[in-house]
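Inside the fold
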Amino acid sequence: RKIEIPISIDTYKYEVAQAALDEGACIINDIYGLRSNKKLAKLIARKKASVVLMHMQGNPETMQKNPDYKNVLKETKDFLKKSVAVALDSGIERSRMLVDPGFGFGKTVTHNFQILSELDQFVSLGYPVLVGLSRKSFLGSFFSLPVGERLYASLAAAVYASEHGAHVLRVHEVSAHRHAASVIDRLRNLKK
């Protein structure tokens, strides 16, 4: 059965990625940015799949226990550069790579806002930038908003990211974000 739309799988596990790619998935989103599993990178190259190289400090169990950076922008960008090098060394084509600064993955509220405010630094890496901002806790921090009440903050962050170079928005409320993105696209087209 052929899948008509691109399917992305979040995994860093070789066996999960292999099964998903065999069933028609075409993008692997690795929270470790291919830094924990070179075998996975080779699989992605062999299958001619795309990959999202994400930054995370620590691992899912420890990432939010006192995240600490001397310079969050530089360290995140350097990590992603090394992930790109691993991908290239493994044979993954440049055109099949996206980078993700990893909002909420081993970062404080301040770190997340610093990265969002300087998103162009990640655009300068030369790869499409994917951002996952939807419902993130740092967006609810102003008003102590629970997850279900973060739509407006998510939309504001998505519009800002889009205007500052994000190529792909990973969202929960697809329709609302699609409407916001359509308005941005219409405004961009008027400037051409």
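Below: a short report on this structure. Per chain, the residues get numbers from 1 upward, laid out in the order the sequence is written. For a predicted model such as this one, the threshold for reporting local features is a pLDDT of at least 70, and the threshold for listing and counting side-chain atom pairs is 80 or more; totals across whole chains, interfaces and linings nevertheless cover every residue. The side-chain values count all of the structure's non-hydrogen atoms but skip hydrogen atoms and water molecules.

**Let's talk about the sheet that holds strand β3 (residues 50-54)**
The line we're drawing: Two strands form a pair only when DSSP identifies at least two bridges running between them. Going along the chain from the N terminus, every DSSP run of H or I of four or more residues is numbered as a helix, and every run of E of two or more is numbered as a strand. Interaxial angles span 0 to 180 degrees and are taken between N-to-C directions of axes, which are lines fitted to C-alpha atoms, for helices over the stretch in contact.
Strand order in the open sheet formed by four strands is β1-β2-β3-β4, and the pairing between neighbours is parallel. At either margin of the open sheet sits one strand with a lone partner, and together these are β1 (8-10) and β4 (97-100). The sheet shows a mean angle of 20° between the axes of neighbouring strands, direction not considered. Pairing of strand β2 (residues 27-30) with β3 involves four bridges; the strand directions are parallel. The residue of β3 that forms the bridge with Ile28 is Val51.

**Here's the deal with a nonpolar patch on the surface**
In plain terms, the rule: What goes into a patch is any residue over 30% in relative accessible area without a salt bridge, connected to like charges within 9 Å or, for nonpolar side chains (Val, Leu, Ile, Met, Phe, Trp, Tyr), within 5 Å. Computed with the Shrake-Rupley method and a 1.4 Å probe, the accessible areas treat only the protein chains shown as cover for residues. Salt bridge criterion: a side-chain nitrogen from Lys or Arg within 4 Å of a carboxyl oxygen from Asp or Glu. Relative accessible area decides the class of each residue, using a 1.4 Å probe on protein chains only: under 20% of the type maximum gives buried, over 50% gives exposed, and in between gives partly exposed.
Judged by side-chain polarity, Val183, Leu187 and Leu190 come together as a nonpolar surface patch covering roughly 310 Å² of accessible area. Along the chain, the position of Leu190 falls in helix α8 (residues 174-191). Given the relative accessible area of 61%, Leu190 is considered exposed.

**Details of the pairing of β3**
Working note: regular strand, side chains alternate between the two faces of the sheet. Here β3 lies mainly inside the structure; five of its five residues are buried. Pairing geometry for β3 and β4, over four bridges, is parallel. The residue bridging Met54 from the neighbouring strand is Asp100, located in β4.

**Quick word on the environment of Lys81**
Counting through the fold element by element, Lys81 comes out in helix α3 (residues 72-89). Take Lys81: its relative accessible area is 44%, and that puts it in the partly exposed class. A sequence separation of 41 residues divides Lys81 from Phe122, and the C-alpha atoms of the two residues are 9.8 Å apart.

**Things to note about helix α4 (residues 109-117)**
Put simply, the test is: Read the arc as the range of directions from the helix axis to the C-beta atoms. Two residues qualify as a contact provided that any one of their heavy atoms is within 4.5 Å of a heavy atom in the partner residue.
Listed as buried for α4 are His111, Asn112, Ile115 and Leu116. One face of α4 carries all of its buried residues, which in axial projection span an arc of 130°. The inward-facing, buried residues of α4 contact α3, α5 (120-123), α6 (137-140) and α7 (151-163).

**So, the side chain of Ser134**
The following threshold applies: N or O atoms within 3.5 Å of each other form a polar contact, as long as, within protein, one can give a hydrogen and the other can take it, and as long as residues adjacent in sequence are counted only when both atoms are side-chain atoms.
Mapped onto the elements of the fold, Ser134 is located in the loop between β5 (130-132) and α6. Residue classification places Ser134 among the buried positions, given a relative accessible area of 5%. Side-chain polar atoms of Ser134 contact the side chain of His172, separated by 2.8 Å. Non-local contacts of Ser134, meaning those with residues more than four positions away in its chain, are made with Ser154, Arg170, Val171, His172, Glu173 and His177.

**Some remarks on the side chain of Thr11**
Looking at the secondary structure, you find Thr11 in the loop between β1 and α1 (14-22). The residues contacting Thr11, other than those within four sequence positions of it, are Val16, Ala17, Ile28, Asn29, Asp30 and Leu40.

**Some remarks on α3**
For the record, the criterion: Multiplying 1.5 Å by the residue count of a helix minus one yields the expected span of that helix.
With 18 residues, α3 extends 26 Å between its outermost C-alpha atoms, agreeing within 8% with the 26 Å of an ideal straight helix rising 1.5 Å per residue. Of all the positions in α3, only Val72, Leu73, Thr76, Lys77, Phe79, Leu80, Ser83, Val84, Val86 and Ala87 are classed as buried. In this structure, the buried residues of α3 make contact with α2 (38-46), β3, β4, α4 and α5. Capping the start of α3 is the job of one residue whose side-chain oxygen sits 3.1 Å from the backbone nitrogen of Leu73: Asn71. Of the residues trailing α3, Gly91 is marked for its positive phi of about 100°.

Take it as geometry only, folks, not as evidence of what the structure does.
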